[in-house]
Amino acid sequence: MSRTMIGQVALVSGVGSAAGIGLACARRLGTAGAKLIVTASSARVAERVAELRAAGFTVEGRALDLTEEAAVLEFARWAEERWGRIDVLVNNAGMAMQGSPEPLVELARMSLADWNLSLARNLTTTFLLTRAVLPGMQQRRYGRIVHVSSATGIRAGNVGEAAYSAAKAAMVGLNMSLALEVAGQGITVNAVAPGWIATESSLPEELWAATRVPVGRAGRPAEVAAAVAFLASAEASYITGECLVVDGGNSRIENKGA
């Protein structure tokens, strides 16, 4: 892989799982030459930092609750102090936190607490971390922001996932407006929307559903990371406000009975 990101610093959230999209993104950006800042909601992030360092990457990391405004602001200050800049932000955190699975409840029975929890972890986290990192990018007049949204909410839906769908759709809406706000400042804002991706948190029924995808399998975290890395690169400088769906063609099926 071309090392086109030497001298840049990339911050990736949601890097707790050993087989997740966040770690795959960190590896891909690190392989391109970026120094890495990673975070996750639990102490597992220390294990990921150790793995990345063992693989030869330059990386720092901290556990963080990205729904806490003060904690996010302090973390962003700390992150910028590591190497004096954040060039790339990948907002991957969401869906589930260790010990706190995503509530799957039909809307008629959903509590306000469950609704607020899903929006907080899947949408507010992106708002808080982006807002904290953005001023530095504006000052340097360069930045790449990539949100990890989902095919759920923008192309399809699932029973019991109204809150999650709303949050992921709202992330794409945020993406479009923010892209316009910073378009003249050397900053691009894009999203990727994964479909069925095989990770440690994949349920058996999700892996079964992935066998019905047109390409015949679940996606791999590295395939999502490849899309993220492209949108985070200098080569994507004329792409902003867009959402790239990575779902093996699943959302294109019209005849579901075929």
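The coordinates are above.
My aim in this report is to walk through the structure given alongside it, one point at a time. For clarity, every value in this text was computed on a predicted model and none was experimentally measured.

**Description of the overall build of the chain**
Looking only at helices and strands, one finds seven helices and seven strands in the chain. Against the compact-globule benchmark of 18 Å for 258 residues, the chain has a radius of gyration of 17 Å, which places it among compact chains. By the burial criterion, 47% of the 258 residues in the chain qualify as buried. For the chain, long-range pairs separated by at least 24 residues make up 72% of all intrachain contacts whose partners lie at least 6 apart in sequence. On the chain, roughly 11,900 Å² of surface is accessible, and the fraction owed to carbon and sulfur atoms is 55%.

**Structural notes on the packing of helix α1 (residues 21-31) against helix α7 (residues 221-231)**
Taken N-terminus to C-terminus, the directions of α1 and α7 make an angle of 50°; their axes are 8 Å apart at the nearest point. Relative to α7, α1 is oriented oblique. For the crossing formed where α1 meets α7, the hand is right-handed. Residue-level contacts link Ile21, Ala24, Cys25, Arg28 and Leu29 of α1 to Pro221, Ala222, Val224, Ala225, Ala226, Val228 and Ala229 of α7. Taken together, the residues of the contact of α1 with α7 break down into eleven nonpolar, no polar and one charged.

**Here's the deal with unusual backbone geometry**
Even without being glycine, Arg141 reaches a positive phi, approximately 60°. Within the element layout of this structure, Arg141 appears in the loop between α4 (112-140) and β5 (143-148).

**Overview of the nonpolar core**
Formed by 34 residues in total, the largest nonpolar core has its most connected members in Leu29, Leu36, Val38, Leu52, Val90 and Val192. Those elements giving two or more residues to this core turn out to be β1 (9-12), α1, β2 (35-40), α2 (44-54), β4 (88-91), β5 and α7. Setting aside chain neighbours within four positions, we find Leu52 in contact with Leu23, Ala26, Arg27, Leu36, Val38, Phe57 and Val59. In this structure, Phe75, Val133, Ala179 and Val182 belong to the second largest nonpolar core, which totals 25 residues.

**Section: the pattern of salt bridges**
By the definition in use, this model includes ten salt bridges. Between Arg48 and Glu51 there is a salt bridge, with the nearest N and O atoms lying 2.6 Å from each other. Here Arg48 and its partner Glu51 are both found in helix α2, three residues apart, which amounts to about one turn of the helix. Using a relative accessible area of 28% as the deciding quantity, one classes Glu51 as partly exposed. It is possible to trace a salt-bridge network through shared partners that takes in Glu47, Arg48 and Glu51.

**Some details on the environment of Gly14**
Inspection of the secondary structure puts Gly14 in the loop between β1 and α1. By relative accessible area, which is 26% here, Gly14 ends up partly exposed. Through-space distance from the C-alpha of Gly14 to that of Leu64 is 9.7 Å; in sequence the pair is 50 residues apart.

**Describing the environment of Ser237**
The residue Ser237 is located in the loop between α7 and β7 (243-246) in this model. By relative accessible area, which is 47% here, Ser237 ends up partly exposed. For the pair Ser237 and Arg144, spaced 93 residues apart in sequence, the C-alpha separation works out to 8.7 Å. Apart from the residues lying within four places of it in its own chain, the contact partners of Ser237 are Arg144 and Thr188.

**Notes on α1**
With eight of its eleven residues buried, α1 lies for the most part within the structure. Residues of α1 that are buried: Ile21, Gly22, Leu23, Ala24, Cys25, Ala26, Leu29 and Gly30. Directly after α1, the chain includes Gly33, whose backbone phi takes a positive value near 110°.

**Observations concerning the packing of α1 against α2**
Between α1 and α2, the shortest axis-to-axis distance is 11 Å and the interhelical angle comes to 30°. Relative to α2, the element α1 is oriented roughly parallel. As for the relative orientation of α1 and α2, their crossing is right-handed in sense. Here α1 contributes Leu23, Ala26 and Arg27 to the contact with α2, which in turn contributes Arg48, Glu51 and Leu52. Considered class by class, the residues forming the contact of α1 with α2 number three nonpolar, no polar and three charged.

Definitions and limits used
One numbering rule holds for all chains: residues counted from 1, following each sequence as written. Residue-level local features of this predicted model are given only where pLDDT is at least 70; pairs of side-chain atoms are given and counted only at 80 or more, and the full residue set underlies all totals for whole chains, interfaces and linings. Calculation of side-chain values draws on the structure's entire complement of heavy atoms; hydrogens and water are dropped beforehand. Per the convention used, a helix needs a DSSP run of H or I reaching at least four residues, while a strand needs a run of E reaching at least two, with both numbered from the N terminus. In this description the radius of gyration comes from C-alpha coordinates, and the expected globular size is given by 2.2 Å times residues to the power 0.38. We call a residue buried when its accessible area falls under 20% of the maximum for its residue type, exposed when it is over 50%, and partly exposed in between, using a 1.4 Å probe and counting protein chains only. By the convention used here, residues are in contact when the closest approach between their heavy atoms is within 4.5 Å. The method behind every accessible area is Shrake-Rupley, applied with a 1.4 Å probe, and residues are considered shielded solely by the protein chains displayed. For helices, the fitted axis covers only the stretch in contact; all axes are lines through C-alpha atoms, and the angles between them, taken along N-to-C directions, range from 0 to 180 degrees. Note on angle classes: values under 35 degrees are labelled roughly parallel, values over 145 roughly antiparallel, values of 65 to 115 roughly perpendicular, and the remainder oblique. Helix crossings get a hand from a simple test, with the near helix turned counterclockwise from the far one by less than a right angle marking a left-handed crossing and a clockwise turn marking a right-handed one. Side-chain classes follow a simple rule in which Ala, Val, Leu, Ile, Met, Phe, Trp, Tyr, Cys and Pro form the nonpolar group, Asp, Glu, Lys and Arg form the charged group, and the remainder, Gly included, forms the polar group. Among buried residues, the Ala, Val, Leu, Ile, Met, Phe, Trp, Tyr and Cys ones that are joined through side-chain atoms within 4.5 Å form a nonpolar core. One side-chain nitrogen of Lys or Arg within 4 Å of one carboxyl oxygen of Asp or Glu is enough to make a salt bridge.

By themselves, these are just geometric observations and shouldn't be taken as functional.
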